[in-house]
Amino acid sequence: MQFRPYGALLALALLAACGSDNDDPLPPQTVPETPAAMPAVAFMTDVHFENVYGDFKSSQFAGIPTKDGKNATIRTMYAQLTSTRLFNENYFAFRAALDDAYAKGIRYVALPGDYSDDAQPINVNGIAAILQEYQAKGMRFFMAPGNHDPNEPYDDLEAGKNDFLTKDGKEQKVYATGNAACKNKDASVVCTDELMEQGYEKLLTKLADHGFMPNKADVYWETPFSKYAGQYNVDDATKQAALANRQYEICAEGEGGAYKAAGEAKLGKAYTKCTSVIDSSYLVEPVKGLWLLAIDANVFVPNANFDAANPKNFKGFDGAGNAGWNKVLTHKKHVIDWIKSVNERAKAQGKQLIAFSHYPTMDFYANQTNAMKAVFKPGAFQTARVPETATTAAVAATGLPIHVGGHMHFNGTNDYTDAAGNFLVNVQSPSLAVYGASYKIVTYKDKDTIDVQTVALNSVPRYNELFPYYQTEYDYLQGSTASADVAKRWNRAVLDTKSYGEFTRYYFGELSRLRFMDEYWPCEMKEAAMNLDARQMLILSQLQTKVTLAQLKDVPDVLPLTATCAAKGTAGTDTVAATQLAADWQEATAKAEKLASAAGLSLASFAKITPYEFYGDFHRTVYAGELALRDMGAERVSQYKVLMGAFPVSPAAIALSGTQLSDQNPVHVAFQNQFKQVFAIFKGLGSAKPSEHFTIDLKGKKVTNANSAALSFN
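Residues numbered from 1 in each chain as written. Predicted model: local features only at pLDDT ≥ 70, side-chain atom pairs only at ≥ 80, totals over all residues. Heavy atoms only, no water.

Per an unreviewed UniProt entry, the recorded name for the chain is Calcineurin-like phosphoesterase family protein, and the organism is Pseudoduganella flava.

Below, the structure written as structure tokens:
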């Protein structure tokens, strides 16, 4: 790929600016430009930067002393293996991504939220220092806020973490000084405001250079509230960019201000708990012809704890995590109107527009969300964060062509075309802090064609630098007999990994084992997934038997399942001896052999997909999509395709005892019914729109795979 040299970009950026007026949805008539090839923009999402060599500024605890005189201020490995994000190694991954992008000639980097680990000063100061370092090399950074930066619209002086690692391998609590434990002088707690969580004002002040304020190098810059008279100039923009000028009224029921009367009329009652909150959205033209639209889609809704006498108390607002774009429609209507205006002006002036925010604008689970809700436990896979169809339609109606989102630590692509012909592509950029760690490169090839590449971070220098400290933690947990410590034991093999890619893959296996299987999978599904290898699954998909789950205890050597998750039911009259299961299993094995052979595979080879590998693969595909299939390789993808097509067209219905699975179900019934659905979801996730390297045809309204070697479950 060819990229524009930075010197050329800077020269373009210093050309005469073009004006605009947000109040006028139909801008002055201008002749659309025919822009030269635009520079590429790298999108690095959900960095969750934690300053692993930061300063707590505390005499109580400085972290773990290192041989080079620094202190490692890191979280435990157990904390990492039970979280949907790494806390420590992403420090090195972020530097590796920046170095890689710089080497490719990329000088513009967008960070669509959650660039910090909860906006603590120790971490925000750390990432700011790194950005300044790379800025000095000629890179520019453009940020949009996420739900972790800020966690709340205002400062939280009670925040902290329970799981920093000590030199003895134990956990250390570190809290901000306003925390109750600090006020009560709890000797077991380290108290420092380096662990407070900053709100908008402190964050935007500290990170002002990274898109949140006008820059003289930019051709143009505005907010949803800008009102420029005549030609754009940076001095006027800077005055209007003051935080006092970038606030809107939000109420419990919806957006206030100019939108209040209509909302109250529709609701039939007055809006309550109204206050003003900062909106950090902005539009920037860093080089002539390219518009980057950074959207603040955080919506912190006043809640029952809101106190009009103390409106800046962080406890008075709900978090933004599940709200996303759904709440933008009701509580940030000015943003929708502004996006529409920006898009109209971009088209009229021939600008190449790329929008980004922290949150996805449409279903990010390859349209498998409803199926996932039906099969797994309530709330599994954070499906509450999937935008509603009406939300997607409203964003598409603004005319926005492309949006890059994050939040879900998910690699994927989806698109939507409405009846009016508006075509919106949502690109989900994966996190640097999880399995599938990657960043996206987005480039306008011409006015109607966008190229999107995914750059995987398989090789990260220094990724294992902290492993000796985790070994101390491992040794402590193995040596401790305290029940709390025994419960936190993890598989030491994660420390034997040879690359960042391998490390994150193993991390996701442990995350699945230690957390996802309990949180997401119903009891009998969890038992099957954690005990059956793919060979046994394929045979079980072919099994027909009258032997019941209750009889499994009498034939323990046939397959490793029990009736533990089933309720006791009443036995029928057509029972058979438990020993019949062996003959039925042998018959099913012969059928499975034929299925494997027809695909050019051996049934024995399926056993290589252990239970741990299976459920790890499933969860890795949920998050990484096409990238997970690439790591599986062609043989395993073929094996899964055989399983996906192996189940009966209409599996027998599951008999219940009350609301539970009855132990009088034949052995095969629950598995075939439930796992037919699991493998259908698996197939959908692995057969989605291209997400590794693809092109977007805005005129033809289609997304096309640019990698002919990409693996798929189709």
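Now, onward.
A. View of the overall build of the chain. Scanning the chain from N- to C-terminus turns up 23 helices and 23 strands. In terms of overall dimensions, the chain is globule-like: its C-alpha atoms have a radius of gyration of 27 Å, near the 27 Å expected for 714 residues. Judged by the C-alpha coordinates and their principal axes, the chain covers about 90 × 65 × 60 Å. Looking at the 714 residues of the chain, the share that counts as buried comes to 59%. Across the chain, the fraction of contacts at a sequence separation of at least 24, relative to all contacts at a separation of at least 6, is 75%. Accessible surface, the chain as shown: approximately 27200 Å² in total, 50% of it carbon and sulfur. Charge-centre separation for the chain: the mean point of 69 positive side chains lies 2 Å from the mean point of 77 negative side chains. (Helix = DSSP H or I, 4+ residues; strand = E, 2+ residues; numbered from the N terminus. Rg over C-alpha atoms; globule rule 2.2 N^0.38 Å. Buried < 20%, exposed > 50% of the residue type's maximum accessible area, 1.4 Å probe, protein only. Contact = heavy atoms within 4.5 Å. Areas by Shrake-Rupley, 256 points an atom, 1.4 Å probe, with all protein chains shown as cover. Lys, Arg positive; Asp, Glu negative; His and termini not counted. Charge placed at Lys NZ, Arg CZ, Asp CG, Glu CD.)

B. Highlighting the UniProt feature "domain: Calcineurin-like phosphoesterase" (unreviewed entry) in the chain. UniProt's feature table lists "domain: Calcineurin-like phosphoesterase" (unreviewed entry) at residues 41–166, given in the numbering used throughout. A helix fraction of 27% and a strand fraction of 18% characterise residues 41–166, whose end C-alpha atoms lie 40 Å from each other. (UniProt positions renumbered as here; feature names shortened; annotations may be inferred.)

C. Inspection of the sheet that holds strand S15 (residues 402–405) at higher detail. Reading across the sheet, the seven strands line up as S9-S12-S13-S14-S15-S17-S16 and stay open at both edges, with mixed pairing between neighbours. On the outer flanks of this sheet lie strand S9 (220–222) and strand S16 (412–417), each paired with one strand and no other. Across the sheet, the mean angle separating the axes of adjacent strands is 20° when strand polarity is ignored. Bridge count between strand S13 (residues 290–294) and strand S14 (residues 352–356): five bridges; the pairing is parallel. From the neighbouring strand, Trp-291 faces S14, where its bridge partner is Leu-353. Helix H11 (residues 333–349) contacts S9, strand S12 (282–287), S13 and S14 of the sheet and is inclined by roughly 175° relative to S13. (Pairing = 2+ DSSP bridges. Axes fitted to C-alpha atoms, helices over the stretch in contact; angles between N-to-C directions.)

D. Structural context of the confidence of the model for the chain. Within the chain, residue pLDDT values average 94, and 95% of them lie at 70 or more. Scored below 50 in pLDDT, residues 1–35 makes 78 contacts in the model with residues more than four places away or belonging to other chains. (pLDDT = per-residue confidence, 0-100.)

E. Main features of the packing of helix H18 (residues 534–542) against helix H23 (residues 667–685). In contact at an axis separation of 9 Å, H18 and H23 are set at 115° when each is read in the N-to-C sense. The orientation of H18 relative to H23 falls into the category roughly perpendicular. In terms of crossing hand, the pair formed by H18 and H23 is left-handed. For the pair H18 and H23, the contacting residues are Met-537, Leu-540, Ser-541 and Gln-542 in the first and Val-667, His-668, Phe-671, Gln-672, Phe-675 and Phe-679 in the second. For the contact of H18 with H23, the per-class residue count stands at six nonpolar, four polar and no charged. (Parallel < 35°, antiparallel > 145°, perpendicular 65-115°, else oblique. Left-handed = near helix turned anticlockwise from the far one by under 90°. Nonpolar A, V, L, I, M, F, W, Y, C, P; charged D, E, K, R; others polar.)

F. Quick peek at helix H3 (residues 90–103). Helix length check: H3 (14 residues) gives 19 Å between terminal C-alpha atoms against 20 Å at 1.5 Å per residue, within 8%. For H3, a buried count of 10 out of 14 residues is recorded, marking the element as mostly surrounded by other parts of the structure. Looking at H3, one finds that the buried residues are Asn-90, Tyr-91, Phe-92, Ala-93, Phe-94, Arg-95, Ala-96, Ala-97, Leu-98 and Ala-101. Close packing links the buried residues of H3 with strand S4 (108–112), helix H4 (121–135), strand S5 (140–144), strand S18 (438–446) and helix H16 (500–520). (Expected span 1.5 Å × (residues − 1).)

G. Geometry of the packing of helix H22 (residues 634–644) against H23. Orientation of H22 relative to H23, taken along the N-to-C sense of each, is 135°, at an axis distance of 9 Å. When the axis of H22 is compared with that of H23, the two are oblique. Crossing angle aside, the handedness with which H22 passes H23 is left-handed. Contacts from Tyr-640, Leu-643 and Met-644 in H22 reach Phe-679, Phe-682 and Lys-683 in H23. Within the contact of H22 with H23, the residues separate by chemical class into five nonpolar, no polar and one charged.

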